[in-house]
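# Commentary on secondary and tertiary structure
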Amino acid sequence: MKIALITGASSGLGREFARQIPKLYRKLDEIWLAARSTDKLKELAKELPLPVRIFDGDLTRDYIYDRIKKELERQSADIRMLVNAAGYGAIGDATDIDVPAQAGMIDLNCRALTKMTLLCIPYMSKGSRIIQMASAAAFAPQPGFAVYAATKSYVYSFARGMGGELKSKGIITTAVCPGPVDTAFFERAGNTGNSMKWKFMSGPVEVVHKALADAANRRETSVYGAAMKAARIAARLLPDRLVIRLMRADSKKQNKGDERIR
Ligand SMILES: NC(=O)c1ccc[n+]([C@@H]2O[C@H](COP(=O)([O-])OP(=O)(O)OC[C@H]3O[C@@H](n4cnc5c(N)ncnc54)[C@H](OP(=O)(O)O)[C@@H]3O)[C@@H](O)[C@H]2O)c1
């Protein structure tokens, strides 16, 4: 059975991947969706043109991986596309955000993504794709978003490194690095206030469209929009301490905006 497996499918970018993948990958038999919100996954299933299997559960816990593995075995699944989109961020200085929220970010963004990838690889074959949702936050350390940016650097590095290992198996990995995207992400992350982040907000439809096109074209990274491409080049060319100073200035502007909103 040929399947696509998408985590974080109940909302935002994951949901958009679920909508666009069947249009591009026409030989899929089923689409498998994972996230905690059962109702939202069921709603999404109604609009998809393929049979859907729902794995509702917390990806920071072990039971959901056991369920997925059992089903992969039972169906002799061939995963043609894995999208790891479950993730969250928390805006603010690391000392101002509660510790469980920050540890949870590392658990979900890094540990869960790694576990899911390693679980799925034995069920993938030549031509299968892995899409890892990193972020433009991976390009440089970010004061005011420090833990999140560090988790996304991990995702980027893991995707590129493991992508290098998987090439010989014909499995293509794409690290997707968008700037801010208009999803529920910022409801959980907190307000971007006055931050320049707002100015570069893009939509999930075009970010996902580009990510799928880049994966189809065997690209190792997918960066949507001229502004984020420029940010990536700037982060490579400028000294780290200058980038960090600029980011700090922006995060202070953001905090001022937040104070005004409060
Ligand atoms: N939006 C942006 O600006 C942006 C920019 C760059 C990168 N990204 C990355 O893109 C990915 C998707 O973000 P998004 O913008 O689509 O955010 P979103 O709309 O908030 O979606 C996040 C998804 O993750 C799932 N999720 C959260 N905690 C989970 C858990 N413990 N177990 C299982 N699923 C969990 C959520 O589903 P449930 O709540 O139902 O579990 C939801 O489906 C994330 O990795 C994010 O870091 C986002």
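Our subject in this report is the structure included herewith. Since this is a predicted model, take the numbers as computed values, not measurements.

## Some details on the pairing of strand E4 (residues 78–84)
Successive side chains on a regular strand alternate, one facing one side of the sheet and the next facing the other. By the criterion of burial, E4 is predominantly enclosed, with seven of the seven residues buried. Where strand E1 (residues 2–7) and E4 come together, six bridges link them in parallel fashion. Residue isoleucine 6 lies in a different strand from E4, and its bridge partner there is valine 83. Pairing analysis gives four bridges linking E4 to strand E5 (residues 129–133), with the strands arranged parallel. For asparagine 84, the partnering residue across the bridge sits in E5 and is glutamine 132.

## Some details on the site of the ligand
Of all residues adjacent to the ligand, which total 30 residues, the nearest are Ser11, Arg36, Ser37, Tyr148 and Thr183. In the model, an oxygen atom of the ligand is placed 3.0 Å from a nitrogen or oxygen of the glycine 8 main chain. Between the ligand and arginine 36 there is a distance of 2.7 Å, counted from an oxygen atom to a side-chain nitrogen or oxygen. The fraction of the free accessible surface of the ligand (880 Å²) that becomes covered by protein chains is 94%. Secondary-structure elements contributing two or more residues to the shell around the ligand are helix H1 (12–24), helix H5 (146–166) and helix H6 (185–189). For the shell around the ligand, the element with the highest residue contribution is H6, accounting for three residues. Across the shell around the ligand, the residue classes break down as 16 nonpolar, 10 polar and four charged.

## Concerning the environment of proline 122
Checked against the element boundaries, proline 122 lands in the loop between helix H4 (99–120) and E5. The exposure class of proline 122 is exposed, given its relative accessible area of 62%. C-alpha of proline 122 to C-alpha of glycine 190: the two residues are 68 residues apart in sequence and 38 Å apart in space.

## Some details on the packing of helix H3 (residues 63–74) against H4
Between H3 and H4, the shortest axis-to-axis distance is 11 Å and the interhelical angle comes to 15°. As judged from the angle between their axes, H3 and H4 are roughly parallel. Considering only the axes of H3 and H4, their crossing is right-handed. Side by side, H3 and H4 meet where Tyr65, Ile68, Lys69 and Leu72 of the first sit next to Ala112, Lys115, Met116 and Leu119 of the second. Broken down by class, the residue content of the contact of H3 with H4 amounts to six nonpolar, no polar and two charged.

## Things to note about H4
Here H4 spans 30 Å end to end across 22 residues, near enough to the 32 Å set by a 1.5 Å rise per residue. Maximal helix bending in H4 amounts to about 30°, located at arginine 111.

## Focus: unusual backbone geometry
Even without being a glycine, serine 76 presents a positive backbone phi close to 45°. Structurally, serine 76 can be placed in the loop between H3 and E4.

## Thoughts on the sheet that holds strand E7 (residues 221–222)
Adjacent strands of a sheet form backbone hydrogen bonds with each other and so pair up, either parallel or antiparallel. The strand order E3-E2-E1-E4-E5-E6-E7 describes an open sheet built from seven strands, whose pairing is parallel. Sheet topology places strand E3 (52–56) and E7 at the edges, where each strand pairs with a single neighbour. Judged from the two bridges that link them, strand E6 (residues 172–176) and E7 form a sheet pairing that is parallel. Across the sheet, residue alanine 175 finds its bridge partner in E7, namely threonine 221.

## Focus: the nonpolar core
Ranked by internal contacts, the top residues of the largest apolar core, which has 55 residues, are Leu59, Ile68, Leu72, Ile79, Leu82 and Met116. If you list the elements that add at least two residues to this core, you get E1, strand E2 (30–35), H3, E4, H4, H5, H6 and helix H8 (226–237). Those residues in contact with leucine 59, other than ones at most four positions away along the chain, are Thr7, Ile64, Tyr65, Ala86, Leu108, Ala112 and Met116.

## Details of empty space enclosed by the protein
Throughout the structure, instances matching the rule amount to two cavities of 30 Å³ or more. Residue contributions to the lining of the second largest cavity peak at four residues, all from H4. Here the residues of the lining of the second largest cavity are counted per class, giving six nonpolar, two polar and no charged.

Reading the values: rules and limits
- Residues numbered from 1 in each chain as written.
- Predicted model: local features only at pLDDT ≥ 70, side-chain atom pairs only at ≥ 80, totals over all residues.
- Heavy atoms only, no water.
- Buried < 20%, exposed > 50% of the residue type's maximum accessible area, 1.4 Å probe, protein only.
- Helix = DSSP H or I, 4+ residues; strand = E, 2+ residues; numbered from the N terminus.
- Pairing = 2+ DSSP bridges.
- Near = heavy atom within 4 Å.
- Polar contact = N/O pair within 3.5 Å; in protein donor to acceptor, adjacent residues only side chain to side chain.
- Areas by Shrake-Rupley, 256 points an atom, 1.4 Å probe, with all protein chains shown as cover.
- Nonpolar A, V, L, I, M, F, W, Y, C, P; charged D, E, K, R; others polar.
- Axes fitted to C-alpha atoms, helices over the stretch in contact; angles between N-to-C directions.
- Parallel < 35°, antiparallel > 145°, perpendicular 65-115°, else oblique.
- Left-handed = near helix turned anticlockwise from the far one by under 90°.
- Contact = heavy atoms within 4.5 Å.
- Expected span 1.5 Å × (residues − 1).
- Bend = angle between axes of the 7 residues up to and from the residue.
- Core = buried A, V, L, I, M, F, W, Y, C linked by side-chain atoms within 4.5 Å.
- 1 Å grid on protein atoms, 1.4 Å probe; cavity = no way out; pocket = protein on both sides within 12 Å on 5 of 7 lines; lining within 4 Å.
- Points joined across faces, edges and corners; volume = space filled by probe spheres on them.

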